[in-house]
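In case you want the letters, here they are:
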Amino acid sequence: MGKRAAAAVIATLTITCLSVSTANAETRLGDAQILSASVNGGKPLVVGSATQTSFSATVTASDPKGIDYIDAWLYRGPSTAPTGILAAAHKYTCTAVDVGTTTCTFGFVMGEGWLTNADAGNWRLQVNATALDGDYHRKAAASLNIRRASKLTANAAPEPVTKGKPITITGALSRVNWHDSKYYRHANQPVSLQFRTPSGTYSTVRTVTASSTGYLKTTVTASRDGYWRYSYTGNTTSAPVNAPGDYVDVR
């Protein structure tokens, strides 16, 4: 392992333009090989209004002559015409697995103040693994889905209620705006109305679509005691979220 691979690097995370030549299609010279890569453990990254969100990327590469260094950064858009980059890891550490194999961990620190709403979605981890003999392997080796945090409420009324009478469940779906750290209603999204008995698990009763202002409302017939909630599965730009269950006593 070369001295660059063993060093710890402290840098600032930035978002900037990325030239076409910076991230490109897979290229390889010689025996160098990227064996594995993952970002945030393969899970989506949910960013709310917190000032900082930390996550890491791990890359393992090998070459018979040994790995000199590994570089990694996140970008979005196609590799031939990327539209942005999250550049420079906050911390960079590498460990020699054996004579020819090295694993590096790249720590990133991100805050909502560094992102625009357009940055929500799928990003890719570009990796450059270079061996001591000059061989290299460069490719988009992993991906990261970055989502805006969501909030969801549910209120079931009346409480208590007579068996056979209607129960109205209202609520609201919202998600964070990374421009000002505030949450705004998320319109026209499908949300599941779910119910469980005091000793049971939640199951979906029906799908309710949030209004143009992000509000939810539906009515069911009271049949037994239990908890009502709304559940949002999210999408590639918005995080899933469950509302707290609201208990209704049926008499």
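Residues numbered from 1 in each chain as written. Predicted model: local features only at pLDDT ≥ 70, side-chain atom pairs only at ≥ 80, totals over all residues. Heavy atoms only, no water.

A.B. asks: How would you sum up the nonpolar core? Please name residues and give values.
C.D. replies: Core analysis: the biggest nonpolar cluster contains 31 residues, and Val39, Phe55, Ile70, Phe106, Leu125 and Ile146 have the highest contact counts within it. At the level of elements, β3 (33-39), β4 (45-47), β5 (53-62), β6 (67-76), β8 (91-96), β9 (101-110), β10 (121-131) and β11 (136-148) are the ones that each hand at least two residues to this core. Here this core takes five residues from β6, the largest share from any one element. Apart from the residues within four sequence positions on either side, Leu125 is in contact with Ala37, Val39, Ala57, Val59, Ala72, Trp73, Leu74, Lys139, Ala140, Ala141, Ala142 and Ser143. If you look at the next biggest cluster of nonpolar residues, it comprises 22 residues, including Val161, Ile167, Leu193 and Ala243. (Core = buried A, V, L, I, M, F, W, Y, C linked by side-chain atoms within 4.5 Å. Buried < 20%, exposed > 50% of the residue type's maximum accessible area, 1.4 Å probe, protein only. Helix = DSSP H or I, 4+ residues; strand = E, 2+ residues; numbered from the N terminus. Contact = heavy atoms within 4.5 Å.)

A.B. asks: I'd like a description of the packing of aromatic side chains, backed by residues and values.
C.D. replies: On inspection of all chains with the given rule, the structure shows four aromatic pairs. Where Phe55 meets Phe108, the ring centres are 5.2 Å apart and the plane angle is 10°; that geometry is what we call stacked. With a gap of 53 residues between them, Phe55 in strand β5 and Phe108 in strand β9 connect regions that are remote in the sequence. Of the two residues, Phe55 and Phe108, both sit in the buried class. Measuring from ring centre to ring centre gives 4.6 Å for Tyr92 and Phe106, while their planes differ by 80°; the resulting arrangement is edge-to-face. With Tyr92 in strand β8 and Phe106 in strand β9, the pair connects residues that are 14 residues apart, well separated along the chain. Phe106 shares its class with Tyr92; the two are buried. Taking the ring centre of Tyr136 as reference, the NZ or CZ of Arg138 above it sits at 3.9 Å. The ring of Tyr202 has Arg229 sitting right over it, with the charged end atom 3.8 Å from the ring centre. (Phe/Tyr/Trp six-rings, centres within 6.5 Å; stacked < 30°, edge-to-face > 60°. Lys NZ or Arg CZ within 6 Å of the ring centre and 35° of its normal.)

A.B. asks: Before we move on, can you summarise the pattern of salt bridges with the specific residues and values?
C.D. replies: Counting across every chain of the model gives two salt bridges. Taking the shortest distance from any N to any O, the salt bridge between Arg76 and Asp119 comes out at 2.9 Å. Residue Arg76 is located in strand β6, and its partner Asp119 is located in the loop between β9 and β10; the two are separated by 43 residues in the primary sequence. The exposure classification of Arg76 matches that of Asp119, with both residues buried. Among the salt bridges present, the one from Asp249 reaches Arg251, with a minimum N-O distance of 3.0 Å. A relative accessible area of 24% places Asp249 in the partly exposed class. You can call Arg251 exposed: its relative accessible area is 64%. (Salt bridge = Lys/Arg side-chain N within 4 Å of Asp/Glu carboxyl O.)

A.B. asks: Tell me what's going on with the pairing of strand β18 (residues 226-232), and back it up with residues and numbers.
C.D. replies: Extensive coverage of β18 is indicated by the burial of six of its seven residues. As defined by bridge partners, strand β15 (residues 190-196) adjoins β18 across five bridges and the pair is classed as antiparallel. By the bridge assignment, Ser192 is partnered in β18 with Ser231. As defined by bridge partners, β18 adjoins strand β19 (residues 241-242) across two bridges and the pair is classed as antiparallel. Among the inter-strand pairings, Tyr232 is bridged to a residue of β19, identified as Val241. (Pairing = 2+ DSSP bridges.)

Take it as geometry only, folks, not as evidence of what the structure does.
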